Amino acid sequence: MEDTKMEDSSNQREMSHEEMPETHSKGGLITMPFIIANESFEKVASYGLVPNMILYLIKDYHMGVAKGTNILFFWQAATNFTPILGAFVADSYLGRFLTIGLGSICSLLGMILLWLTAMVPQSKPPPCDLMTQTCSSPTSAQMTLLFFSFVLISLGAGGVRPCSLAFGADQLDRRDNPKNVRVLESFFGWYYASAAISVLIALTGIVYIQYHFGYRVGFGVPAILMLLSALVFFLASPFYLKQQASKSLLTGFVQVIIVAYKNRNLTFPLPNSTASYHHKRDSNVVAPTDKLRFLNKACIIKNPEQDIALDGSAANPWSLCTVEQVEELKALIKVLPLWSTGIIMSINLSQNSFPVLQASSMDRDLTKKFQIPAGSYGMFNIISLALWVIFYDRAILPMASKIKGKPVRIGVKLRMGIGLFLTCIAMVVSAIVENARRKEAIRSGFQNNPTAVVKMSAMWLVPQFCLNGFAEAFTAIGQTEFFYSELPKSMSSIAAALFGLGLAVANVLASVVVSIIDDITSKGGKESWVSSNINKGRIDNYYWVLAILSFINLFYYFLCAWAYGPTGRQATKVKSMAGR
């Protein structure tokens, strides 16, 4: 086929004749080990810093539980928000290859700075005076150094995480291949499985090193791994298929909104009229859809001689947009309600500090010689996620397809709903387990001693982690696949970053929830539910609040899923059946 245009149902990608050989000679499976290794090392390094960070802030920076938890929530929020910025930069300016490379370097610098806070005594407050029981607060310079390391690590994650998934999909995505959908679905699943294994290594290996060898070694190892991450990625540069950024999506969205408002008084062209709409040359999308019709006024041609330049482009893009720009914004707006349903689940997944404090006060001995570090119990979340992905891809789908005699897959909306239900149950289990732990602590006379270990196995925390792992496997993978398939190809990095954006919003809201509960429950001199003394506090009630919010969110999801209607593939099937 001599035409250099690859057509997609939701987007048109134009390629020059010079780019065609590169498309066929580069990319493919050979690039997967390098791309996955890059993000795997990045995840091992960055995720390995999170679990014990609350203990580092409490012991070395002399912070209270509420303040330290809120700092970590905001750090996680920044880490999950920067990917959406990285996605816009990649799709609009730098391309995914350069964005991943710069992100890897930023993350490396941040980890080196964090390692220096452990290595240089002057970078943090002196130890507490055991005689007077007084502790010095960190200085502004010390806090600035700590926060700057967090910022660099967050910026690094913003470059790597949204682009790595889309960059890998670029190497494999062949829209003219009839098996393309199954290839991408399998790739997404295995990508998340490898990411899950990386986080598992972080929650076991890195946390174990910090627990047994201290933070000097525990922060140094992630820095070394991040160095390997950057080297591995750049090593395979000649083999990558590198899509060049073609336009500023963010600017395009703003242009559509502004032009639609400026043209709000224009009348719509007659039905089936295409001459009045501005579109790209040789584009099959010559007229906008009827949904969100008010945005269509952004691409109405008022005066062809004044509005259209000689090359067919808009003479002033702030006065006339293309049909493609309008449809891209519509696609993003359309998925936002379903995207918002994942925020509450993300709040539940971001509960890292309280489980660590719970595990610290429980019996963590597996044998007489081996004890699981308190920060490593999050590994059960990752184990359950990875096992489900492997079981689903290699056992459930093949078995169901063999029984029915045709390919079988569970729809993305059903998978997202199952995940949201499972996270509701996870919060209920969390509340019940914490209530039992607190009662045992009080019964043992440890109400005023939060560091005492109760006679209750920390393995009771495992079910809640497993349930959240299954929830993430259903909803996170389902949402990512949903965004990638429903949004235009030009927005691939944004599609990959939307779930991370939900995590960012969730981290901020989680901090707000903790602060509100702390303020309300501590009034009148009462002990806060999120007290530094977890035996006096009521973390179980905090979990019940999250459980109630999760059940409300589940009904909100049902409403949004119904309002969205069929997904792109379902709509295509309905149209093809109707045309028979």
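Please read these numbers as outputs of a predicted model, since none were measured by experiment.

**Quick look at the nonpolar core**
Met-53, Leu-498 and Tyr-542 are the most contacted members of the largest nonpolar core, which totals 127 residues. If near-sequence neighbours (up to four positions away) are discounted, Tyr-542 is found in contact with Gln-351, Phe-354, Val-513, Val-514, Ile-517 and Trp-529. Core analysis: the next-biggest nonpolar cluster, separate from the first, contains eleven residues, Ile-35, Val-160, Cys-163 and Phe-233 among them.

**Examining the packing of aromatic side chains**
One pass over the structure, following the stated rule, counts 22 aromatic pairs. The interplanar angle of 40 degrees and the centroid separation of 5.2 Å between the aromatic rings of Tyr-215 and Phe-219 together place this pair among those described as tilted. Remark: Phe-219 and Tyr-215 occur in helix α7 (residues 180-235); sequence separation between them is four residues, near one turn of the helix. In this structure, Tyr-215 and Phe-219 share a single accessibility class: buried.

**Thoughts on the state of the cysteines**
The tally for this structure, following the rule as stated, stands at one disulfide. Paired by a disulfide, Cys-128 and Cys-135 hold their sulfur atoms 1.9 Å apart. Given an S-S torsion of about 115 degrees, the disulfide between Cys-128 and Cys-135 has right-handed geometry. Cys-299 carries a free sulfur, and the closest cysteine sulfur to it, the one in Cys-321, is 7.8 Å from it. By relative accessible area, Cys-299 is classed as buried at 0%.

**Notes on the environment of Ala-441**
In this fold, Ala-441 is placed in helix α14 (residues 412-443). Remark: the alpha-carbon pair of Ala-441 and Lys-455, spanning 14 residues in sequence, is separated by 8.2 Å. Filtering out sequence-adjacent residues up to four positions away, Ala-441 remains in contact with Phe-446, Gln-447, Val-454 and Asn-535.

Basis of the calculations
- Residues numbered from 1 in each chain as written.
- Predicted model: local features only at pLDDT ≥ 70, side-chain atom pairs only at ≥ 80, totals over all residues.
- Heavy atoms only, no water.
- Core = buried A, V, L, I, M, F, W, Y, C linked by side-chain atoms within 4.5 Å.
- Buried < 20%, exposed > 50% of the residue type's maximum accessible area, 1.4 Å probe, protein only.
- Contact = heavy atoms within 4.5 Å.
- Phe/Tyr/Trp six-rings, centres within 6.5 Å; stacked < 30°, edge-to-face > 60°.
- Helix = DSSP H or I, 4+ residues; strand = E, 2+ residues; numbered from the N terminus.
- Disulfide = S-S within 2.5 Å.

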